[in-house]
Amino acid sequence: MYKNLFKIAVCLAVILSPLMAVHDVWAGGDSASIQEYEQGCTYEEYEKTYLEFYGNSTNEMAEEGNPAELMLDDGKDLYNTVDGSKGKSCASCHGENGEKLVGVAVKYPKYDPAIKGINTVALQINRCRENQMGAKPLKYESYDQLALTLYVKSLSNGMKINVSIDGPARKFYEKGKKFYYTRMGQWNFNCAICHVKYSCKRVRTNLLSPNRRHGDHWPSYRLKWGKTGSMQRRFRGCMKNMRAKPLPYQSEEYRNLELYLTYQSNGLPLEVPGMRM
Ligand code: HEC
Ligand code: HEC
């Protein structure tokens, strides 16, 4: 009798454990309780699969040049343009050729005590416009905002991404990670299912990329958009695909998420503007 009960208990545990694993993040838990997935494939395996899947078309496209290069040039002009009530340009404080901002972008996003949270390049640009120039903040994802972000980041091109999650940044990194593993939307997906667990698998006409290089190429020109856009635009797109409600640009959640994902690219050279399908 007891033997049978024991058998039933074992059976139940075996049946229930995968079901319980569906709750990758336990309600109210911190990230210590996140059940991480094993990476479906490495970035090297992804590159090989990508070639088999799409052939050489993306490389050929890249040889024709990246349309975002024009935006980058406009960003440089904007950087040198006086705007706002204080009669200043970015160059007035950060050097004519951005000398003083070289190497800055590879440390972003980063914790900033003044906002008690995570600062991004795009956000800092608007903070400088408002506080240092007496100018209006630029609408996120507008041409000028993207162009300036692109220019500031390009000043660190080729340098290794080196985002810190030490000290006060850690808490925000953990929040970003938790978001990445939180089920959302009509289909109850989370980001990590596609970009960790099932990386290198195909979804309709797409090949899922592992997230190792999700942080090294923004802003990027995207064929599907026919435009250049930010990493956070991509967050919004993936959330729409998940049938979840996208969040506003530079919301706390997206800044934490940007920190989490950029940290996964630590050690890789920053290369903007990127280009993707
Ligand atoms: C009047 C001087 C001034 C102007 C003009 C100015 N900034 Fe700044 N900028 C600062 C100061 C001071 C800081 C240090 C952080 C702070 O106080 O916001 C800073 C910080 C930054 C940083 C982060 C640097 C770091 O080491 O983390 C970036 C990037 C930046 N500014 C870009 C710009 C851009 C782009 C413009 C033009 C839209 C601009 N700034 C205009 C004074 C200025
Ligand atoms: C149903 C699968 C799926 C889910 C869930 C998903 N994505 Fe994606 N994501 C894709 C596909 C498909 C692409 C385009 C191909 C690729 O690079 O993987 C993509 C691309 C991206 C890229 C651009 C990669 C690059 O190299 O430019 C980022 C960043 C990204 N996703 C972030 C997220 C985040 C953050 C979440 C959660 C909020 C998420 N994704 C959820 C399918 C998904």
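Residues numbered from 1 in each chain as written. Chains lettered and ligands numbered in written order. Predicted model: local features only at pLDDT ≥ 70, side-chain atom pairs only at ≥ 80, totals over all residues. Heavy atoms only, no water.

This brings us to the overall build of the chain. When helices and strands are counted, the chain shows 11 helices and 7 strands. Per-residue burial for the chain yields a buried fraction of 43% across its 277 residues. Partitioning the contacts of the chain with sequence separation of at least 6, the portion at a separation of at least 24 is 69%. Carbon and sulfur atoms make up 55% of the accessible area of the chain, which amounts to about 15400 Å² in all. (Helix = DSSP H or I, 4+ residues; strand = E, 2+ residues; numbered from the N terminus. Buried < 20%, exposed > 50% of the residue type's maximum accessible area, 1.4 Å probe, protein only. Contact = heavy atoms within 4.5 Å. Areas by Shrake-Rupley, 256 points an atom, 1.4 Å probe, with all protein chains shown as cover.)

The subject of this paragraph is the pattern of salt bridges. For the coordinates displayed, the defined rule picks out 6 salt bridges. Among the ionic pairs, Glu174 bridges to Arg170, the shortest N-O distance being 3.5 Å. Pair noted here: Glu174 and Arg170 are both in helix H8 (residues 169-180), with a separation of 4 residues, about one helical turn. Note that Arg213 and Asp216 form a salt bridge whose closest N and O atoms lie 2.8 Å from each other. Note on Arg213: relative accessible area 21%, which makes it partly exposed. Overall, the relative accessible area of 2% leaves Asp216 in the buried class. (Salt bridge = Lys/Arg side-chain N within 4 Å of Asp/Glu carboxyl O.)

Time to look at the environment of Ala147. As for its position among the elements, Ala147 is in helix H7 (residues 143-154). Placed 81 residues apart in sequence, Ala147 and Thr228 show a C-alpha to C-alpha distance of 9.2 Å.

Ligand 1 sits among 16 residues. The nearest are Cys90, Cys93, His94, Tyr108 and Cys128. At a separation of 2.8 Å, a nitrogen atom of ligand 1 approaches a polar side-chain atom of His94. Here the residues of the shell around ligand 1 sort into 9 nonpolar, 4 polar and 3 charged. (Near = heavy atom within 4 Å. Polar contact = N/O pair within 3.5 Å; in protein donor to acceptor, adjacent residues only side chain to side chain. Nonpolar A, V, L, I, M, F, W, Y, C, P; charged D, E, K, R; others polar.)

Time to look at the site of ligand 2. Neighbouring ligand 2 are 20 residues, the closest being Cys191, Cys194, His195, Ser209 and Cys238. Between a nitrogen atom of ligand 2 and a side-chain N or O atom of His195, the distance comes to 2.8 Å. One of the side-chain N or O atoms of Ser209 is found 2.8 Å from an oxygen atom in ligand 2. Looking at the shell around ligand 2, the element that brings in the most residues is helix H10 (residues 231-241), giving 4 residues. Looking at the shell around ligand 2 residue by residue, the classes come out as 12 nonpolar, 6 polar and 2 charged.

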